[in-house]
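Analysis of the macromolecular model
Okay, here's what each chain looks like letter by letter:
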Amino acid sequence: MTNSSTLVTGTQIAYFHLCHRKLWLFAHNIKMEQHSDLVAEGKFIDEHSYLKRADRWQELSIEGIKIDHFDAQRGIVREVKKSRKKEHAHRAQLLYYLYVLERNEIPVSHGLLEYPKLRQTEEVWLTDEDRRLIPLWEAEVVRIIQLESCPALVKKPICKNCSYYEFCFSA
Ligand code: SF4
């Protein structure tokens, strides 16, 4: 953990893997809610109500993270996503959840990355290499958030579907 005033959230870890500018804007409360990726993802998950199928899945908040589906008995964290387009960021977010649980001595086995629309589920396991890298991600997230100004615009394939598109690309 960095320190109590700089708790890093799962969303920040995901954005760190997508775009440092997006991370900075989000952390500075510049949010385009009406077009937000998070709102869209949340709406999608709500529409797939079967995800609430079993009582064993519970919400858990700890340090900076909020896990929507945690099976405490089996030590499994489930993360539901709409598409595989940002899979590396989804994996990083889930690995971070596993890492924070482990750091807090909460028994944890592995994660499930679910894509209901594709009817696909992937198991995600925390490795020693992840345990070495994740503190570096956290330190980088804190460093980027604390920058005085927004990181420079670097165009990426994800830009056209990003909630900050107009913010970044309007002249
Ligand atoms: S539009 Fe592109 S550069 Fe701007 S925040 Fe989104 S991903 Fe980053």
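Up top is the structure these notes are about.
Here is what the cut-offs are and how they apply
Residues numbered from 1 in each chain as written. Predicted model: local features only at pLDDT ≥ 70, side-chain atom pairs only at ≥ 80, totals over all residues. Heavy atoms only, no water. Helix = DSSP H or I, 4+ residues; strand = E, 2+ residues; numbered from the N terminus. Buried < 20%, exposed > 50% of the residue type's maximum accessible area, 1.4 Å probe, protein only. Contact = heavy atoms within 4.5 Å. Areas by Shrake-Rupley, 256 points an atom, 1.4 Å probe, with all protein chains shown as cover. Near = heavy atom within 4 Å. Nonpolar A, V, L, I, M, F, W, Y, C, P; charged D, E, K, R; others polar. Patch = residues over 30% accessible without salt bridge, like charges linked within 9 Å, V, L, I, M, F, W, Y side chains within 5 Å. Salt bridge = Lys/Arg side-chain N within 4 Å of Asp/Glu carboxyl O. Lys, Arg positive; Asp, Glu negative; His and termini not counted. Charge placed at Lys NZ, Arg CZ, Asp CG, Glu CD. Pairing = 2+ DSSP bridges.

We now examine the overall build of the protein chain. The number of helices and strands found in the protein chain is 6 helices and 5 strands. Its helices and strands taken in sequence order, the protein chain reads α-α-α-β-β-β-α-β-β-α-α from the N to the C terminus. Out of the 171 residues in the protein chain, the part that is buried amounts to 42%. Nonlocal contacts in the protein chain, meaning residues at least 24 apart in sequence, comprise 68% of its contacts between residues at least 6 apart. Per element, the accessible surface of the protein chain, about 9700 Å² overall, is 52% carbon and sulfur.

Taken together, Cys19, Arg21, Lys22, Leu153, Val154, Ile158, Cys159, Cys162, Tyr164, Tyr165, Cys168 and Phe169 are the residues near the ligand. Elements with a minimum of two residues in the shell around the ligand: helix 2 (20-27) and helix 6 (165-169). Top contributing element to the shell around the ligand by residue count: helix 6, with 3 residues. Its residues assigned to classes, the shell around the ligand shows 10 nonpolar, no polar and 2 charged.

A few words on a positive patch on the surface. Residues Lys82, Lys85, Lys117 and Lys160 make up a contiguous surface patch of positive charge. Looking at where Lys160 falls in the secondary structure, it is placed in the loop between helix 5 (128-145) and helix 6.

Relative to strand 5 (residues 120-124), strand 4 (residues 110-115) is paired through 5 bridges, and the arrangement is antiparallel. What sits directly across from Leu113, in strand 5, is Glu122.

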